[in-house]
Amino acid sequence: MTIEQAGLFAIFAAVFALLVWGRIRYDLVAFGALVIGVIAGLVPAEQAFSGFGHSAVVIIALVLIVSRGLTNSGAVELIASRVVAEDRPTSAHIGIMAVFGAALSAVINNVAALALLMPLDIEAAERAKRAVARSLMPLSFATILGGMITMIGTPPNIVIAQYREDALGAPFGMLDFTPVGLAVAIGGVLFVALAGWRLLPARTAAHELLAGPEASPYVAELKVAGTREEPVLLGDLDPLAEELDLNLLGLIRRGRRLPGFALREPVEAGDVVVIEGDPKAIEAFAGKARLDFAETAKHKGGPAAGSLTLMEAIVPEGSRVAGRSAVELGLSYRHGITLLGVARQGRRVRDRVRRLRAEPGDVLLLLGTPERLEAATAALGALPLEGRRTDVVQRQKARIAIAAFAVAILAAVAGLVYLPIALAACAVVYAAIGLVGGTEVYEAVEWKVIVLLASLIPLGQAFEASGGAALIASVIVAATEGLPAWIVLTVLMVVTMTLSDFLNNVATTLIAAPIALGIAQSLSVSADPFLMGVAVAASCAFLTPIGHKNNTIIMGPGGYRFGDYWRMGLPLELLVLAIAVPAILLIWPL
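A. Seen up close, helix H25 (residues 564-587). An ideal rise of 1.5 Å per residue puts 34 Å on 24 residues; H25 measures up with 34 Å between its terminal C-alpha atoms. Roughly 25° is the biggest bend found in H25, and it falls at Leu570, with proline Pro571 one to four residues downstream. Those residues of H25 lying buried are Asp564, Tyr565, Met568, Gly569, Leu572, Glu573, Val576, Leu577, Ala580, Val581, Ala583 and Ile584. On its buried face, H25 sits against helix H7 (133-146), helix H9 (178-194), helix H21 (485-500), helix H23 (528-538) and helix H24 (549-558).

Below, the structure is given as structure tokens:
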């Protein structure tokens, strides 16, 4: 072992230990390791920041932006609304959600896929009076499995594809991962739906951890934007309101509140529907009932405006907003936001929301772009409630969002456009139609992952150039000498899976990819099956809550303990090995 190899081994050992320890952010660990490597002369100074321009880094950032655009368009909600039903048996519910989650995570970031589907799963569990712990982990694992199906489904696939281009001259294509990834995903989804969930604890009250303290319901106003094809009574909207746990309070016509609840009144263009409920339900009701938020025209400012958000803010004593109404404050024309609803400590209000004088202790439901909401609440002295924001879904743009994404992917698959350019063009379209605003483009990117990847790429290249990867590969080959190549591949995948259960999957891929290439060269066989094995194994972080962000996300809402992940994760990882190894050797022969 040379001095250079020893130095790089020491750096990677320190990185591994610090990442497992988890007390220091992983991006800072990786960046610090890069700086040390450059100072020590182990990484050439001119290559120190080459990772930030690497195509794998660019693709991951663009996938996150495109995922945000698809989320904001309501494209996923459109399909998901037909998927969830509380009267299905547990296996059927988990099976349908797992299939949908896997399919979704094949084309968008799997963290985004879980974030979209988790509230639906929790809601279905509440209605069916079923322990959400039984279904959340299968959903999380399904979204991880689905990411293996395409190149853009998960970062390890992107990293492996670009590593192959650097090492062998040509990358894996968009659908090269599909045969093996689809086989693994189908087997994994069948397992979690039919047997896996039965291995999990049934903690019936776990979903309550997500709810937090209850807030008083908001009285809000929604405008009827256009003429209906068929006459609709206000009472016809009551089943939808009941489904979303909302109360219909009445109808306002030409500025006057109609007597009673007006449930038998026909809904006309320009009417205002008065409802009571929580922000997420209000937003969903507006979309499904084809109602508009009052004064939304004033929020339309082209690409710069971006998507709208519902913010909850409390009125403190002595603030500028206390004792004044939205009209008096000029919220719309001065600040570019709308007062959509008011929660007054459980008391209902009869006044028009925009003319209601705010009282200390009121909670205001404000509508606007994130930038304008921040500026307005600061100017008015209102205090935003942490973690109480709801994005407004732009459902009318769902079709164009899906079409733009489909064209970009098809163009990349057909070889007409380089994948990063195709994704960049899709992101530009989303920005142009206002699905993602200027600020939101940067918010969508998970910069910690970008810094992690960009920092480890130069270290990985130096590790490979120094012969460190070949050294580890030779140890594995020596330990398996005389055994068939499929056993060597299995050993490599087991080692990679173990690393992925404790390390970020991007870091695992960057460490394991050059080792896989070294093993293939030592055995004088094709590198493709070993690289594909690393791609599959690096995504299989099923044993711990820290191996994959999806596992971390579900831990609180599902009420899981550290040891719960082994119950379903260990047999799932064994199943993945049993399916992936023969599938890889069949599709990518040695």
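B. A look at the pairing of strand E6 (residues 309-314). For E6, the tally of buried residues reaches five of six residues, placing the bulk of the element in the interior. Inspection of the sheet shows E6 paired to strand E8 (residues 363-368) by six bridges, in the antiparallel sense. Its bridge partner being in E8, Thr309 is matched across the sheet by Gly368. In this structure, E6 lies alongside strand E9 (residues 383-391), joined through five bridges in antiparallel fashion. Across the sheet, the residue bridging to Met311 is Arg389, located in E9.

C. Structural detail: the packing of H21 against H23. Here H21 crosses H23 at 30°, and the two axes come no closer than 8 Å. When the axes of H21 and H23 are compared, the pair comes out roughly parallel. Here H21 runs over H23; the crossing is right-handed. Along its contact with H21, which presents Ala485, Val488, Leu489, Leu492, Met493, Thr496, Met497 and Ser500, the element H23 presents Pro529, Phe530, Gly533, Val534, Val536, Ala537 and Ala538.

D. Expanded view of the nonpolar core. Ranked by internal contacts, the top residues of the largest apolar core, which has 133 residues, are Tyr430, Leu453, Leu459, Met493, Ile519 and Val576. With 11 residues, the single largest contributor to this core is helix H3 (residues 55-73). Each residue touching Val576, except ones within four places of it in the same chain, is listed here: Leu145, Val184, Met497, Val536, Cys540 and Phe542. With 33 residues, the next largest nonpolar core counts Tyr218, Ala220, Val363 and Leu365 among its residues.

E. Here's a closer look at the pattern of salt bridges. For the coordinates displayed, the defined rule picks out nine salt bridges. Note that Asp528 and Arg164 form a salt bridge whose closest N and O atoms lie 2.7 Å from each other. Remark: Arg164 occurs in helix H8 (residues 155-168) and Asp528 occurs in helix H23; sequence separation between them is 364 residues. Of the residues examined, Arg164 reaches a relative accessible area of 16% and is grouped as buried. The closest approach of N and O atoms between Asp564 and Arg567, which form a salt bridge, is 3.7 Å.

F. Just the side chain of His335, in detail. Within the fold, His335 resides in helix H14 (residues 331-335). On the accessibility criterion, His335 (18% relative accessible area) is buried.

G. Region of the structure containing the side chain of Asp271. If you trace the backbone, Asp271 turns up in the loop between strand E3 (256-257) and strand E4 (272-277). Look at Asp271 and you get buried, because its relative accessible area is 2%. There is a polar contact of 2.8 Å between the side chain of Asp271 and the side chain of Arg253. When near neighbours in sequence (up to four residues on either side) are disregarded, Asp271 contacts Leu222, Lys223, Val224, Leu251, Ile252, Arg253 and Pro266.

H. Spatial organisation of unusual backbone geometry. The backbone of Arg254 sits at a positive phi, close to 55°, despite the residue not being glycine. Position of Arg254 relative to the elements: it lies in the loop between strand E2 (247-253) and E3. The backbone of Arg290 sits at a positive phi, close to 55°, despite the residue not being glycine. Residue placement: Arg290 occurs in the loop between helix H12 (279-288) and strand E5 (292-293). On the basis of relative accessible area, Arg290 is assigned to the exposed category, the value being 56%.

I. The packing of aromatic side chains, seen in detail. Taken as a whole and assessed by the stated rule, the structure comprises six aromatic pairs. With centroids separated by 6.5 Å and ring planes inclined at 25°, the aromatic side chains of Phe31 and Phe49 adopt a geometry described as stacked. Here Phe49 lies in the loop between helix H2 (26-39) and H3 and Phe31 lies in helix H2, a separation of 18 residues in the sequence. Phe31 gets classed as partly exposed once you look at its relative accessible area, which sits at 32%. Given the relative accessible area of 55%, Phe49 is considered exposed. Measuring from centroid to centroid gives 6.3 Å for Phe49 and Phe52, while their planes differ by 45°, and the two rings are tilted. Within the aromatic cluster, the residues linked to one another by ring pairs are Phe31, Phe49 and Phe52. Positioned above the aromatic ring of Phe172 is the side chain of Arg164, whose terminal nitrogen or guanidinium carbon lies 5.1 Å from the ring centre.

J. Structural detail: H23. By the criterion of burial, H23 is predominantly enclosed, with 11 of the 11 residues buried. Of all the residues in H23, the buried ones are Asp528, Pro529, Phe530, Leu531, Met532, Gly533, Val534, Ala535, Val536, Ala537 and Ala538. Looking at the buried side of H23, the elements it contacts are H8, H9, H21, helix H22 (505-523) and H25.

K. Fine view of the packing of H7 against H24. Taken N-terminus to C-terminus, the directions of H7 and H24 make an angle of 170°; their axes are 10 Å apart at the nearest point. As far as their axial angle goes, H24 and H7 are roughly antiparallel. Contacts between H7 and H24 involve Ala133, Leu136, Met137, Ser140, Phe141, Thr143 and Ile144 from the first element and Asn550, Asn551, Ile554, Pro557 and Gly558 from the second. Of the residues assigned to the contact of H7 with H24, the class counts are seven nonpolar, five polar and no charged.

L. Layout of a nonpolar patch on the surface. Residues Phe31, Val35, Ile39, Phe49 and Phe52 make up a contiguous nonpolar surface patch of roughly 490 Å² in combined accessible area. As for its position among the elements, Val35 is in helix H2.

Cut-offs applied
Residues numbered from 1 in each chain as written. Predicted model: local features only at pLDDT ≥ 70, side-chain atom pairs only at ≥ 80, totals over all residues. Heavy atoms only, no water. Helix = DSSP H or I, 4+ residues; strand = E, 2+ residues; numbered from the N terminus. Expected span 1.5 Å × (residues − 1). Bend = angle between axes of the 7 residues up to and from the residue. Buried < 20%, exposed > 50% of the residue type's maximum accessible area, 1.4 Å probe, protein only. Contact = heavy atoms within 4.5 Å. Pairing = 2+ DSSP bridges. Axes fitted to C-alpha atoms, helices over the stretch in contact; angles between N-to-C directions. Parallel < 35°, antiparallel > 145°, perpendicular 65-115°, else oblique. Left-handed = near helix turned anticlockwise from the far one by under 90°. Core = buried A, V, L, I, M, F, W, Y, C linked by side-chain atoms within 4.5 Å. Salt bridge = Lys/Arg side-chain N within 4 Å of Asp/Glu carboxyl O. Polar contact = N/O pair within 3.5 Å; in protein donor to acceptor, adjacent residues only side chain to side chain. Phe/Tyr/Trp six-rings, centres within 6.5 Å; stacked < 30°, edge-to-face > 60°. Lys NZ or Arg CZ within 6 Å of the ring centre and 35° of its normal. Nonpolar A, V, L, I, M, F, W, Y, C, P; charged D, E, K, R; others polar. Patch = residues over 30% accessible without salt bridge, like charges linked within 9 Å, V, L, I, M, F, W, Y side chains within 5 Å. Areas by Shrake-Rupley, 256 points an atom, 1.4 Å probe, with all protein chains shown as cover.

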